[in-house]
Amino acid sequence: MPSVPPAPFAYRMRGIHYLDFVVRIRTISLLLIGLIAGATGLPGQVLPTYNIANVPSVIEETSGLIATGPNTLWSHNDSGGDPKLYAFDTTGTLLRTLVVRNATHVDWEEITTDSLGRVYIGDFGNNANARTNLRIYRIPPPASIAGDSVDAEIIHFSYPDQTAFPPADSLLKFDMEAMVAWGDSLYLFSKNRTAPFDGYTRRYRLPQDPGTYTATLVDSFYCGPGPQTQFWVTAAALSPNREHLVLLSSDRCWIFSCFSGHDFFGGSVAELSFPLSQKEAIAWRDDSTAFITDEVIANIFGGVLYRAEFDLWTVEPVVFLGNDTTVSGAPLLLDAGTLPGASYTWSTGATTPTISVTASGSYAVTVTALNGCSASDTIQVSVLTGIPGRGPQSDDLRLRVGPQPLPPTFGLSYELTGPSQVHFDVWDLRGRRVLSTRPVLQAPGLHSEQIFLPNQGHYLLRFFQADQVHFKRLVRMD
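Residues numbered from 1 in each chain as written. Predicted model: local features only at pLDDT ≥ 70, side-chain atom pairs only at ≥ 80, totals over all residues. Heavy atoms only, no water.

A few words now on the overall build of the chain. Counting its regular elements, the chain contains three helices and 37 strands. Of the contacts made within the chain by residues no fewer than 6 positions apart, 55% connect residues no fewer than 24 positions apart. Only carbon and sulfur atoms are counted for the fraction: they give 54% of the accessible area of the chain, which is about 21100 Å². (Helix = DSSP H or I, 4+ residues; strand = E, 2+ residues; numbered from the N terminus. Contact = heavy atoms within 4.5 Å. Areas by Shrake-Rupley, 256 points an atom, 1.4 Å probe, with all protein chains shown as cover.)

This is the structure:
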């Protein structure tokens, strides 16, 4: 009778190379140890994540994720599965199954969409770094596909810097589980399996059109020193507004912001932590919320759909201190705004959202958000010196306003000892003129005016009499 092939070849028949199988067992073992012992070396910023549903059981090895609506997701299984995509909703209900007829499923690891809604399936999982048949499948937007199957266009590719299959342990840089579409290109982010672990993910670029290509190595990013399973990259996703890129790992992610074009690593980055599990898929729901899934491990852990709240890391600071201004008497309050979690650095050394200034000079502030993005502004303040806070009152003028604090409508009075041309204006503390009158020739005697200021705050009154200027501080409160 024929001999029975050894167990490793059974896995080869399912599309999994024996070396991949060995690596998979090692990875699961490391994750189980981490789950039991607890994650180590977590960054200080914690990403809020919420368990919202179980992933449908047909995709227990969910390894890629896209959102085609606020509550509709598509995913697929990891290596050795059927060439199928599965749609499900945020309650975990299976909605649709789509077969890619002309595809094989060696090791599907990622799924993404372009600006036209076309779907790209990354069959480039390469645990052992030994594959020479890497490919990406492209299909039309799922909503446009009638029936339950479709043929795909195929992108075949190789890496420009891989010459051995597999390479030495120190060069195991050619596993891939992360991909996004930008412009007319696809960008791939490597899953680092080097030993000893060097901590880098490498970014490659490919055209989006079917064909055979050698990928372009663009740049790299240092994720950290290890352990490997907590610092390798398992998925990627671009926010709908294209302003934020997230790279995912087992118990943390990196969110990149404030970049120019596709120079993702040229902007700012924040590292966020969450509970450890085999997370291998992420998709944005909107510009501040994402979905994450994890794989089932040992029929005990995982198989969960999470909602991740990125709102604190998707805002960019905007700072405006106002126009350059001149004040007299009262301190000027400079306000850089309030942004949750932001840090403030003033040219005075202050680190608060507001400062009070009493001296002439240039004042600058830099506001840095939690995602590392920053904004700055500068204002030139001139403080008139030698003039009392109530203005240069004289027995001849007897300028009166009050009593303070002032209601919305209040009186201004002054007394002239002779004919004089007068007018006045009112400025807020941001250097904006909010009220002004035309010059009028007034007769000698006591005069009064009614002023209306609808908004509360501090103001500066300038009263002009002939060639003299008088100042008065106004405090307007309801």
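Picking up where we left off.
Read from one edge of the open sheet, four strands run 12-13-14-16, paired in antiparallel fashion. The open sheet is flanked by strand 12 (175-182) and strand 16 (216-222), the only strands paired with a single partner. For this sheet, the mean inter-axis angle between neighbouring strands, taken without regard to orientation, is 25 degrees. Inspection of the sheet shows strand 14 (residues 200-207) paired to strand 16 by six bridges, in the antiparallel sense. Among the inter-strand pairings, arginine 203 is bridged to a residue of strand 16, identified as aspartate 219. (Pairing = 2+ DSSP bridges. Axes fitted to C-alpha atoms, helices over the stretch in contact; angles between N-to-C directions.)

With that settled, consider the nonpolar core. Among the nonpolar cores identified, the biggest contains 20 residues, and Leu334, Trp346 and Val381 are the most heavily contacted of them. Per-element tally for this core: the top contributor is strand 29 (residues 374-384), with four residues. (Core = buried A, V, L, I, M, F, W, Y, C linked by side-chain atoms within 4.5 Å. Buried < 20%, exposed > 50% of the residue type's maximum accessible area, 1.4 Å probe, protein only.)

According to the stated counting rule, one finds 16 salt bridges in the structure shown. For arginine 135, the salt bridge identified is with aspartate 123, shortest N-O distance 3.6 Å. Placement of the pair is arginine 135 in strand 9 (residues 135-139) and aspartate 123 in strand 8 (residues 119-123), with a sequence separation of twelve residues. On the basis of relative accessible area, arginine 135 is assigned to the buried category, the value being 13%. (Salt bridge = Lys/Arg side-chain N within 4 Å of Asp/Glu carboxyl O.)

A separate point is the sheet that holds strand 2 (residues 49-54). Taken in spatial order, the four strands of this open sheet run 2-23-22-21, and their pairing is antiparallel. In this open sheet, the two strands that pair with only one neighbour each are strand 2 and strand 21 (279-284). Here the average twist between neighbouring strands, direction ignored, is 25 degrees.

Among the structural elements, arginine 473 can be located in strand 37 (residues 468-476). Judged by its relative accessible area of 33%, arginine 473 falls in the partly exposed class.

Let's shift gears to the pairing of strand 20 (residues 268-273). Across two bridges, the pairing between strand 1 (residues 45-46) and strand 20 is parallel. By the bridge assignment, valine 46 is partnered in strand 20 with serine 273. Across six bridges, strand 19 (residues 252-257) lies against strand 20 in antiparallel orientation. Paired with cysteine 253 across the two strands is leucine 272, which belongs to strand 20.

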